[in-house]
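Listed below are the residues making up each chain.
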Amino acid sequence: MGEVTHTPGPWRIAVDRDYPLHLIWTDEGTPNSPGTLIARTCYAFDSEANARLIASAPALYRALDALIRTTPDERRNPAVWFPRVDAARAALASAKRGG
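So, here is what we can say about the structure in this document. Being a predicted model, the structure only gives us computed values, none of them experimental.

Turning to the sheet that holds strand E2 (residues 22-26), a few remarks are in order. As summarised here, the arrangement of the three strands in space is E1-E2-E3, forming an open sheet in which the pairing is antiparallel. A single partner strand is all that each edge strand has here, and the edge strands are strand E1 (11-15) and strand E3 (37-41). On average, each strand axis in the sheet is tilted by 25° relative to the strand beside it, whichever way the strands run. Summarising the sheet, E1 and E2 pair through five bridges and their orientation is antiparallel. By the bridge assignment, Arg 12 is partnered in E2 with Trp 25. Running at roughly 15° to E2, helix H1 (residues 47-55) makes contact with E1, E2 and E3 of the sheet.

Taken together, the buried positions of H1 are occupied by Ser 47, Ala 51, Arg 52 and Ala 55. Buried residues of H1, viewed axially, fall in a sector of 140°; they line one side. The inward-facing, buried residues of H1 contact E1, E2, E3, helix H2 (57-68) and helix H4 (78-97).

With that settled, the discussion passes to the packing of H2 against H4. The geometry of H2 relative to H4 is characterised by a closest axis approach of 9 Å and an angle of 155° between their N-to-C directions. Our classification of the angle between H2 and H4 gives roughly antiparallel. Taken as a pair, H2 and H4 cross one another with a handedness that is left-handed. Here Ala 59, Leu 60, Ala 63, Ala 66 and Leu 67 of H2 come into contact with H4, specifically with Trp 81, Arg 84, Val 85, Ala 87, Ala 88, Ala 91, Leu 92 and Ala 95.

Each value, and the rule that gives it
- Residues numbered from 1 in each chain as written.
- Predicted model: local features only at pLDDT ≥ 70, side-chain atom pairs only at ≥ 80, totals over all residues.
- Heavy atoms only, no water.
- Pairing = 2+ DSSP bridges.
- Helix = DSSP H or I, 4+ residues; strand = E, 2+ residues; numbered from the N terminus.
- Axes fitted to C-alpha atoms, helices over the stretch in contact; angles between N-to-C directions.
- Contact = heavy atoms within 4.5 Å.
- Buried < 20%, exposed > 50% of the residue type's maximum accessible area, 1.4 Å probe, protein only.
- Arc of directions from axis to C-beta.
- Parallel < 35°, antiparallel > 145°, perpendicular 65-115°, else oblique.
- Left-handed = near helix turned anticlockwise from the far one by under 90°.

Here you go:
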(Lines give C-alpha, C1' and ligand atoms only; values in the text may rest on other atoms or scores of the structure.)
Protein backbone atom coordinates (compact mmCIF):
# COMPACT_ATOMS: atom_id res chain seq x y z
CA MET A 1 0.00 0.00 0.00
CA GLY A 2 1.13 3.53 -0.65
CA GLU A 3 1.68 6.18 1.93
CA VAL A 4 -1.41 7.46 3.76
CA THR A 5 -2.31 10.91 2.49
CA HIS A 6 -5.55 11.63 4.35
CA THR A 7 -5.76 13.84 7.43
CA PRO A 8 -4.57 11.69 10.32
CA GLY A 9 -6.98 10.67 13.06
CA PRO A 10 -8.42 10.46 15.52
CA TRP A 11 -11.42 12.44 14.37
CA ARG A 12 -14.23 13.52 16.68
CA ILE A 13 -17.86 14.48 16.29
CA ALA A 14 -19.41 17.74 17.48
CA VAL A 15 -22.99 18.93 17.11
CA ASP A 16 -23.39 22.43 15.68
CA ARG A 17 -25.50 24.46 18.12
CA ASP A 18 -26.80 26.86 15.47
CA TYR A 19 -27.77 24.32 12.80
CA PRO A 20 -28.87 20.70 13.02
CA LEU A 21 -25.52 19.33 11.80
CA HIS A 22 -22.92 16.85 12.97
CA LEU A 23 -19.39 18.14 12.39
CA ILE A 24 -16.36 15.85 12.15
CA TRP A 25 -13.13 17.50 13.36
CA THR A 26 -9.56 16.40 13.81
CA ASP A 27 -8.63 15.86 17.41
CA GLU A 28 -5.96 18.57 17.32
CA GLY A 29 -8.19 21.31 18.70
CA THR A 30 -7.02 23.99 21.07
CA PRO A 31 -9.00 26.53 23.12
CA ASN A 32 -8.65 28.98 20.21
CA SER A 33 -9.26 26.55 17.35
CA PRO A 34 -11.47 23.47 17.15
CA GLY A 35 -9.08 21.66 14.77
CA THR A 36 -9.53 20.91 11.08
CA LEU A 37 -13.06 20.37 9.80
CA ILE A 38 -13.15 17.04 7.98
CA ALA A 39 -16.85 16.81 7.09
CA ARG A 40 -20.35 17.70 8.16
CA THR A 41 -23.54 15.74 7.87
CA CYS A 42 -26.88 17.36 7.19
CA TYR A 43 -29.59 16.78 9.72
CA ALA A 44 -31.52 13.66 8.87
CA PHE A 45 -32.62 10.56 10.74
CA ASP A 46 -29.26 8.91 9.96
CA SER A 47 -27.02 11.97 10.34
CA GLU A 48 -25.48 10.80 13.61
CA ALA A 49 -24.78 7.32 12.23
CA ASN A 50 -23.17 8.85 9.15
CA ALA A 51 -21.03 11.07 11.35
CA ARG A 52 -19.90 8.05 13.42
CA LEU A 53 -18.89 6.20 10.25
CA ILE A 54 -16.96 9.18 8.89
CA ALA A 55 -15.23 9.84 12.24
CA SER A 56 -14.22 6.16 12.44
CA ALA A 57 -12.56 6.19 9.01
CA PRO A 58 -8.93 6.53 10.24
CA ALA A 59 -9.28 3.62 12.68
CA LEU A 60 -11.09 1.50 10.10
CA TYR A 61 -8.35 2.22 7.57
CA ARG A 62 -5.56 1.28 10.03
CA ALA A 63 -7.29 -1.94 11.06
CA LEU A 64 -8.01 -3.05 7.49
CA ASP A 65 -4.49 -2.14 6.37
CA ALA A 66 -3.00 -4.23 9.20
CA LEU A 67 -5.19 -7.22 8.30
CA ILE A 68 -4.38 -7.02 4.61
CA ARG A 69 -0.63 -6.73 5.23
CA THR A 70 -0.59 -9.77 7.52
CA THR A 71 1.45 -12.58 5.99
CA PRO A 72 0.22 -16.19 5.99
CA ASP A 73 2.79 -17.06 8.70
CA GLU A 74 1.57 -14.17 10.86
CA ARG A 75 -2.04 -15.35 10.44
CA ARG A 76 -1.05 -18.64 12.05
CA ASN A 77 0.50 -16.80 15.01
CA PRO A 78 -2.23 -15.91 17.53
CA ALA A 79 -0.01 -13.29 19.19
CA VAL A 80 0.05 -11.36 15.89
CA TRP A 81 -3.32 -12.21 14.34
CA PHE A 82 -5.72 -11.88 17.29
CA PRO A 83 -4.72 -8.30 18.23
CA ARG A 84 -5.22 -7.23 14.61
CA VAL A 85 -8.64 -8.85 14.46
CA ASP A 86 -9.52 -7.27 17.82
CA ALA A 87 -8.50 -3.84 16.47
CA ALA A 88 -10.74 -4.35 13.44
CA ARG A 89 -13.65 -5.37 15.66
CA ALA A 90 -13.12 -2.32 17.89
CA ALA A 91 -13.02 0.01 14.88
CA LEU A 92 -16.27 -1.47 13.54
CA ALA A 93 -17.91 -1.19 16.95
CA SER A 94 -16.88 2.47 17.16
CA ALA A 95 -18.36 3.13 13.74
CA LYS A 96 -21.63 1.50 14.81
CA ARG A 97 -22.12 3.10 18.21
CA GLY A 98 -19.53 5.87 18.46
CA GLY A 99 -16.60 6.35 20.81
